[in-house]
Amino acid sequence: MTQIDHVHVPLGERAYDVVIGQGLLAQAGALIRPHLHRPRAAILTETRVAGLHLEALQAGLQASDIASSAHALVPGEATKGWAGLAEAVEWLLDAKVERRDMVIALGGGVIGDLGGFAAAVLRRGVRFVQIPTSLLAQVDSSVGGKTGINTRHGKNLVGAFHQPSLVLADIDLLDSLPARDFLAGYGEVVKYGLLGDAAFFDWLEVNGPALARGDKALRQHAVRVSVEMKAGIVARDETEQGERALLNLGHTFCHALEAATGYSDRLLHGEGVAIGCALAFDLSARMGLCAQETPGRVRAHLRAMGMKADLADIPGDLPGPEALIALMGQDKKVQDGRLRFILAREIGDAFVCDDVPEALLGEVLHDACATRC
Ligand code: GLY
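Each value, and the rule that gives it
- Residues numbered from 1 in each chain as written.
- Predicted model: local features only at pLDDT ≥ 70, side-chain atom pairs only at ≥ 80, totals over all residues.
- Heavy atoms only, no water.
- Helix = DSSP H or I, 4+ residues; strand = E, 2+ residues; numbered from the N terminus.
- Buried < 20%, exposed > 50% of the residue type's maximum accessible area, 1.4 Å probe, protein only.
- Contact = heavy atoms within 4.5 Å.
- Expected span 1.5 Å × (residues − 1).
- Polar contact = N/O pair within 3.5 Å; in protein donor to acceptor, adjacent residues only side chain to side chain.
- Phe/Tyr/Trp six-rings, centres within 6.5 Å; stacked < 30°, edge-to-face > 60°.
- Lys NZ or Arg CZ within 6 Å of the ring centre and 35° of its normal.
- Near = heavy atom within 4 Å.
- Areas by Shrake-Rupley, 256 points an atom, 1.4 Å probe, with all protein chains shown as cover.
- Nonpolar A, V, L, I, M, F, W, Y, C, P; charged D, E, K, R; others polar.
- Salt bridge = Lys/Arg side-chain N within 4 Å of Asp/Glu carboxyl O.

Enquirer: Account for the environment of Leu 289, naming residues and giving values.
Expert: Mapped onto the elements, Leu 289 comes out in the loop between helix H10 (269-286) and helix H11 (294-304). Overall, the relative accessible area of 30% leaves Leu 289 in the partly exposed class. Note: C-alpha distance between Leu 289 and Leu 343 (54 residues apart in sequence) is 8.2 Å. Other than its neighbours up to four places away in sequence, Leu 289 contacts Ser 284, Leu 343, Ala 344, Arg 345 and Phe 351.

The following block contains the structure:
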């Protein structure tokens with residue numbers, strides 16, 4: 001067993017801890033009990049995760065005399081919409097969840113975002129605990145209070161900042177992830193090294209393969225460092241007025257690629273982030289901001305991990321450079337009609353850039369599309 005880490009997210013009266021370690025489901029009752037006004041909790045989850053982990057969570061709660069009821073939604077991104085939100089909120093009301101009760105979101109990013117938003121709007125806001133079951137959710141979406149749903153206009157366009165009261169990141173739960181999902185989540189881990197911690201990227205180059213094979217101590221270290229970085233950024237810029245935008249490294253490209261692939265399993269979000277990070281370094285090099293060799297180093301690590309690193313790795317047809325740029329124009333990070341990119345002066349040194357010359361962006365995408373020929 002690895003030791004348990006506590007990462008504090010210092011947000012004044014909304015401060016909370018992210019607890020990272022093994023065997024946390026069995027200890028969930030003891031960890032959650034201090035946050036409860038009465039010994040009951042309502043769990044939102046999805047059917048696949050429920051089959052794997054719900055019984056263990058409810059047993060962990062019961063061990064501390066916490067009664068729980070649970071509702072499992074259909075797995076998948078399509079659940080994160082108005083209908084899924086209505087289903088979740090109506091069930092929470094059926095379950096007689098009161099203003100001072102606790103909702104538990106047990107699942108990956110979809111359940112965390114949807115469950116958090118349901119908690120945000122239920123009775124004008126009830127508290128919630130995140131128990132992220134995917135690597136992506138453990139290192140990114142469960143921390144920082146971004147909650148919400150997708151609409152026909154795009155992803156995450158309706159939502160609220162609503163911080164959890166506690167996050168339990170149980171490293172053991174990652175064992176049940178398909179390898180592809182694990183590596184997609186790893187795309188977000190790499191992102192932290194690339195945006196703000198060159199030494200962490202060095203560490204990932206050395207330890208990433210063993211971590212992916214299942215080494216628990218390495219996994220815990222990677223999750224802790226990622227969460228520490230996110231906690232620091234969120235504490236300084238909770239509502240994304242500035243620095244928090246750095247967490248979107250790779251995302252302008254990623255969102256265009258996700259739209260181009262119809263948000264299908266041709267491209268998982270974390271895979272799009274990894275390719276998007278490589279493209280952000282291509283653009284940075286093309287603009288003379290970072291060394292010409294740096295994008296190659298980023299791709300070499302993604303390849304060493306068996307990850308997608310280029311447009312050529314996305315199966316099926318893709319639109320050309322102009323169409324991809326048009327899709328970027330739909331991104332919610334567009335401000336005053338200008339595309340916003342996170343670029344880098346070097347690995348670990350990212351910054352927000354609102355004035356990327358479109359000709360250079362076109363050249364980068366033209367070259368990237370050429371890798372598919
Ligand atoms: N996932 C990016 C953020 O939380 O700001």
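Enquirer: Summarise helix H8 (residues 216-236); cite the residues concerned and give the values.
Expert: Between its first and last C-alpha, H8 extends 30 Å over 21 residues, near the 30 Å set by a 1.5 Å rise per residue. At the N-terminal end of H8, a side-chain oxygen is found 3.0 Å from the backbone nitrogen of Ala 217, two or three residues along, and the residue is Asp 215.

Enquirer: Kindly report on the packing of aromatic side chains, identifying the contributing residues and their values.
Expert: Overall, the coordinates contain two aromatic pairs when judged by the stated rule. Note on Phe 200 and Trp 203: the rings are 6.0 Å apart at their centroids and 20° apart in plane angle, and the pair reads as stacked. Linking Phe 200 with Trp 203, this pair stays in helix H7 (residues 198-213), spanning three residues, or about one helical turn. Plain terms: the ring middles of Phe 253 and Phe 341 are 5.3 Å apart, the flat faces sit at 50° to each other, and that makes the pair tilted. Remark: Phe 341 occurs in strand E10 (residues 341-346) and Phe 253 occurs in helix H9 (residues 251-260); sequence separation between them is 88 residues. Each member of the pair, Phe 253 together with Phe 341, is buried. It is Lys 191 that lies over the ring of Tyr 192; its NZ or CZ is 5.1 Å from the centre.

Enquirer: Outline the side chain of Thr 147, supporting the account with residue identities and numerical values.
Expert: The residue Thr 147 is located in strand E7 (residues 146-151) in this model. For Thr 147, a relative accessible area of 9% translates into the label buried. At a separation of 2.8 Å, a polar atom in the side chain of Thr 147 contacts the main-chain carbonyl oxygen of Ala 160. Not counting residues up to four positions away in its chain, the partners in contact with Thr 147 are Asp 113, Gly 116, Phe 117, Ala 120, Phe 128, Val 158, Gly 159, Ala 160 and His 162.

Enquirer: Talk me through the site of the ligand; I want residue IDs and the actual numbers.
Expert: Near the ligand the following residues occur: Asp 140, Lys 146, Lys 230, Glu 240, Arg 244 and Leu 247. Asp 140 places a side-chain nitrogen or oxygen 3.0 Å from a nitrogen atom of the ligand. Between the ligand and the protein, one listed contact pairs an oxygen atom with a side-chain N or O atom of Lys 230 at 2.5 Å. Considering the ligand on its own, with 200 Å² of exposed area, one finds that the protein chains cover 89% of that surface. Counted by class, the shell around the ligand contains one nonpolar, no polar and five charged residues.

Enquirer: How would you sum up the environment of His 6? Please name residues and give values.
Expert: Relative to the elements of secondary structure, His 6 occurs in strand E1 (residues 5-9). Once the C-alpha coordinates of His 6 and Ser 226 are considered, the two residues, 220 residues apart in sequence, prove to be 13 Å apart.

Enquirer: Now, about the pattern of salt bridges: what can you tell me, with residues and values included?
Expert: Under the criterion given, the structure shown has 28 salt bridges. Of the charged contacts in the structure, one is a salt bridge between Glu 46 and Arg 48, with a shortest N-O distance of 4.0 Å. Assessed through its relative accessible area of 41%, Arg 48 is described here as partly exposed. In this structure, Lys 191 and Glu 188 form a salt bridge, with 2.8 Å as the shortest nitrogen-oxygen distance. Pair noted here: Lys 191 and Glu 188 are both in helix H6 (residues 179-196), with a separation of three residues, about one helical turn.

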